[in-house]
Amino acid sequence: MGDKEKMDYLLVDIRELEKLVASMRDAEIYPVSFFSQAYTTTQKIVDNLQSIEADQLALFKEQMEKHRALIKKAERLEAEAALVTQMQEQESTYEPVQEMELPSVEELNEEKESVATPAAATVVAEKTVSEPAASLSSASSHTTTLEQSLPHSISLNEVIQKKFLADFRKAFSLNDRFRFRRELFGGDEGRMNEAISDLNELQSFEESITYLDKKLKWNVEDEAVADFIKLLEKRFS
C-alpha cells in the first residue's frame, strides 16, 4: 500500500475520532466504551503515521544513494575529461619527425671521389715518426715510471685525433663522463669540470700527473684513475 492510500486511511481514522469526541462533548458522564474506541482509533492513527514515516525515510535514503552515485559519476567524467585534455596538450607539443632525405648512389660516389686522398699525400701522412719517451714525474711517490714507447707510424686519422685531443674537454665520451664523475669525483659534476679545465691549461704530461697527485691525491693503481691517465697520455702523445 502506497503512502497516498495510507494518508487516506489516516484521514478516515482522524474523522472517526473527531466524531467520537464530538458525540461526547455535552455528556456529563463518559461511558467506558468511549475510551476504548478512542484508544483503538488513536492507536490506528499512530501506527499509520509510523508506517508513513518509515516509508519516507526509506525513500529519502534511496534518493541520497542516487545523489551520491550522480556525484561520483560527475567526478569520474570530470577526471576523464581532464586526462583527455592533458593528453591533447601533450600531443600538441610533439613535433613531427622530419624524414631525412638519403643521398643517391651518384651523390655518394661523387662525395667519395672528392675526399679521396692522393697517393702522395698518403705517403706523407703515413710516414713514420719517432716519439720521445713519456714518463711520470718523479716528484710524486704515487706515480710510476712509464716505459718508453716504441716508434710507430701515424696515420692521417691519428693526426686528426691528435688535434682533437688538444682540447682535453673533448677527450671524454658520454660513458667516460658518467663513470669518472661517479668513481673519481663522488658524483660532483662541478668539481670534475673544474679539474678538467685546470688540466686543459697544462702544457705537458708531467705537469698533468703532478696536478693529479697534489691537487686530487688519486691512487694511480685504481682502475678508473689508470683509464683517466691514459686519456691524458693520449693527449700529449
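Everything that follows concerns the structure shown earlier in this document.
Thresholds, definitions, all that
- Residues numbered from 1 in each chain as written.
- Predicted model: local features only at pLDDT ≥ 70, side-chain atom pairs only at ≥ 80, totals over all residues.
- Heavy atoms only, no water.
- Salt bridge = Lys/Arg side-chain N within 4 Å of Asp/Glu carboxyl O.
- Helix = DSSP H or I, 4+ residues; strand = E, 2+ residues; numbered from the N terminus.
- Expected span 1.5 Å × (residues − 1).
- Buried < 20%, exposed > 50% of the residue type's maximum accessible area, 1.4 Å probe, protein only.
- Contact = heavy atoms within 4.5 Å.
- Polar contact = N/O pair within 3.5 Å; in protein donor to acceptor, adjacent residues only side chain to side chain.
- Phe/Tyr/Trp six-rings, centres within 6.5 Å; stacked < 30°, edge-to-face > 60°.
- Core = buried A, V, L, I, M, F, W, Y, C linked by side-chain atoms within 4.5 Å.

### A word on the pattern of salt bridges
- Overall, the coordinates contain 9 salt bridges when judged by the stated rule.
- A salt bridge links Glu183 to Arg179; the nearest nitrogen and oxygen atoms lie 3.7 Å apart. With a gap of 4 residues between them, Glu183 and Arg179 both fall in helix 6 (residues 174–183), about one helical turn apart.
- Between Arg179 and Asp227 there is a salt bridge whose closest N-O contact spans 2.5 Å. Highlighted residues: Arg179 in helix 6 and Asp227 in helix 9 (residues 223–236), separated in sequence by 48 residues.
- A network of salt bridges, in which partner residues are shared, links Arg179, Arg182, Glu183 and Asp227.

### What to know about helix 8 (residues 205–216)
- For helix 8, with 12 residues, the first-to-last C-alpha span of 16 Å sits near the 16 Å given by 1.5 Å per residue.
- Among the residues making up helix 8, those that are buried are Phe205, Ser208, Ile209, Tyr211, Leu212, Asp213 and Leu216.
- Elements in contact with the buried residues of helix 8: helix 7 (189–201) and helix 9.
- Backbone geometry just after helix 8 places Lys217 at a positive phi near 55°.

### Details of the side chain of Asn48
- Secondary-structure assignment places Asn48 in helix 2 (residues 32–93).
- For Asn48, a relative accessible area of 10% corresponds to the buried category.
- One polar contact links the side chain of Asn48 to the main-chain carbonyl oxygen of Lys6, over a distance of 2.8 Å.
- Residues contacting Asn48, with those up to four places away along its chain left out, are Lys6, Tyr9 and Leu10.

### Concerning the packing of aromatic side chains
- Scanning the entire structure with this criterion turns up 10 aromatic pairs.
- Their ring planes at 85° and their centres at 5.8 Å tell us that Phe172 and Phe180 sit as a pair that is edge-to-face.
- Aromatic pair Phe185 and Trp218: ring centres 5.4 Å apart, planes at 75°, arrangement edge-to-face. With a gap of 33 residues between them, Phe185 in the loop between helix 6 and helix 7 and Trp218 in the loop between helix 8 and helix 9 connect regions that are remote in the sequence.
- Feature note: the residues Phe168, Phe172, Phe180, Phe185, Trp218 and Phe228 constitute an aromatic cluster, connected by ring pairs.

### Quick look at the nonpolar core
- Residues Phe168, Leu184, Leu199, Leu212, Trp218 and Phe228 are the most contacted members of the largest nonpolar core, which totals 24 residues.
- Counting residues per element, the ones that place at least two in this core are helix 7, helix 8 and helix 9.
- Here this core gets 6 residues from one element, more than from any other, and that element is helix 9.
- Contacts of Leu212, omitting those with residues within four sequence positions, involve Leu199, Lys217, Trp218, Phe228, Ile229 and Leu232.
- One finds Leu17, Met24, Phe34 and Ile52 within the second-largest nonpolar core, a separate group that totals 8 residues.

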